[in-house]
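Listed below, chain by chain, are the residues.
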Amino acid sequence: MPVHDAALLLLGHGSTLNADSSAPTYQHAEEIRRRGLFAEVHVAFWKEEPNFRQALRQTRRRRVYAVPNFISSGYFTEQVIPRELGLTGAITQVGDQEIIYCDPVGLHPAMTEALLQRAQGVVEKSGETIPAPARTACLFICGHGTSFNDNSTKIIHEQAAEIRRRGLYADCQPVLMEQTPFVKDWRTLTPCPDVIVVPFFISDGLHSFEDIPVLLGLTHNMREKSFQNPHHEIGRRLWYATAIGTDAFIADVILAQVEQAAKSAGEISPAAETSPATIEVELEQFLKCGPLPGKIGQVILRPGFELRHQDDADEGPDALQSLRSLEELRQWIRLDSAGDFRPLRAAPNLQRGWLYRATDWAGLHAALDYLYPAELANWLLWKEGRLPLTPWRETAERQTGRFRIVREMDENALAELVATNCEPGCLKRRLWSPAGQSVKSSGGEIPLLCPEACNFLVGKAREKLKGPETE
Ligand code: SF4
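Summary of the structure given here.

## Details of the sheet that holds strand E4 (residues 91-94)
The mixed open sheet is built from five strands, whose spatial order is E2-E1-E3-E5-E4. Among the strands making up the open sheet, the edge pair consists of strand E2 (40-45) and E4. In this sheet, adjacent strand axes meet at a mean angle of 25° when their direction is disregarded. Here strand E1 (residues 7-12) runs beside strand E3 (residues 63-68); their pairing, made up of five bridges, is parallel. In the strand pairing of E3, leucine 8 is matched with tyrosine 65. Of the strands in this sheet, E1 and E2 touch helix H1 (residues 23-35), which is tilted by about 175° from E2.

Here is the structure:
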């Protein structure tokens, strides 16, 4: 396994509407970070912060392994990610960084093990058993299915064929939500009395929690307490699992994808092993030279790598909830005090009442990236006069599909949009035209900078032109 001086970058889809979509990508990044295999581990998303355009900024390591946490290859892995990161193939030199672009997680042969483990796990957890699955059980692998991309269904068909070949179950079939073979037809697709359905999705969300249970004819969706496995109906039992992408085993699949790509890329050259000053080194210098406490957004930084909400500056540690891991910090900051998802980390609605102590500068960097994604990197680039700025027009032109309509927004409508969303709802200073602002920061403060209109604003632009978005 490559360790040395390399960074790992996990790329997920994310969502501006709920935290479920990005959760598995964060979860696997946390697990891999915990194992200490890479010098740095970062995440980036299509729909959330930090976005793909800012992904590589988060690290100055010379070699970066970029792994798409996607279930299949297709539009995102073949077009969007390469375009946004500036990749031209399996190995791309971007400035002084060497980016190794790995295959998507879902394509690795180890996914077969992940599917089998998930199927076995859901049965074991239920308290009931299937004494002879090779005679009585059918495993369905359930995907979405779309006429736009054959690749997503191809991989499900291949996985089902491989599991059939192993003969562990009486049958194994692919089923789809929107294409044949339809998941709603499961009763006629197999005569087996025991049926297990595993959703072949990266994250849990509307599809796996609600849509598929409805298509299966279950009376409760997975979010309801009354949901239970197995579901019994005359002569049959049905177990329904959560999305495969949430399985802890996926961290190993990600590492396997890196290992495979690293073999083709060869050893890191001695020159590549020597990275320039890392972001944490610069953070250390800034905090050692400036007045303390330091400040970023609504958070203050104190000696001992301590972070807390600025309004809790005078609270004793016993009055605050001590968050012991990045995962706990993530769970705390993802919702506002009303329990609603915070799609915008720089919104001035960070909840109070917590305290987080990192163990070193790298840990502090990681925690600050959770609180304000990629903002340390943006600030350092801005100080060096190297922060790329993207005018609204260019951001709008990049939008495709349902979001293409934002290209039609004129400057007056844009100004109105900024006044109603950015002004009251975000602590960042806009640097992009035509809505740019000046940046003022006092000593000891790391300013939050907005180098391009974010996905949240693009979503609001679409909403303004078309009405509310649903996902
Ligand atoms: S576009 Fe507006 S809402 Fe989005 S990050 Fe920038 S300032 Fe904040």
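## Overview of the nonpolar core
In this structure, Leu8, Ile196, Leu307 and Trp392 are the most contacted members of the largest nonpolar core, which totals 105 residues. No other element matches the nine residues that helix H9 (residues 250-265) contributes to this core. Discounting chain neighbours no more than four positions away, the residues touching isoleucine 196 are Ala119, Val122, Val123, Ile130, Cys138, Leu139, Phe140, Tyr169 and Trp239. Residues Cys138, Phe140, Val183 and Trp186 belong to the second largest nonpolar core, which totals 20 residues.

## Considerations on the pattern of salt bridges
Side-chain pairs of opposite charge can arise whenever the charged atoms involved come near each other. Applying the stated rule across the entire model yields 38 salt bridges. The partner of glutamate 30 in a salt bridge is arginine 330, with the nearest N and O atoms 2.8 Å apart. Of this pair, glutamate 30 sits in helix H1 while arginine 330 sits in helix H12 (residues 326-333); the two residues are 300 residues apart in sequence, bridging distant segments of the chain. Note on accessibility: glutamate 30 and arginine 330 belong to one class, buried. Residue glutamate 49 is joined to lysine 428 by a salt bridge in which the shortest nitrogen-to-oxygen separation is 3.0 Å. Of this pair, glutamate 49 sits in the loop between E2 and helix H2 (52-55) while lysine 428 is found in the loop between helix H16 (411-425) and strand E16 (429-430), placing the two residues 379 residues apart along the sequence. For the pair glutamate 49 and lysine 428, a shared accessibility class is recorded, and that class is buried.

Definitions and limits used
- Residues numbered from 1 in each chain as written.
- Predicted model: local features only at pLDDT ≥ 70, side-chain atom pairs only at ≥ 80, totals over all residues.
- Heavy atoms only, no water.
- Pairing = 2+ DSSP bridges.
- Helix = DSSP H or I, 4+ residues; strand = E, 2+ residues; numbered from the N terminus.
- Axes fitted to C-alpha atoms, helices over the stretch in contact; angles between N-to-C directions.
- Contact = heavy atoms within 4.5 Å.
- Core = buried A, V, L, I, M, F, W, Y, C linked by side-chain atoms within 4.5 Å.
- Buried < 20%, exposed > 50% of the residue type's maximum accessible area, 1.4 Å probe, protein only.
- Salt bridge = Lys/Arg side-chain N within 4 Å of Asp/Glu carboxyl O.

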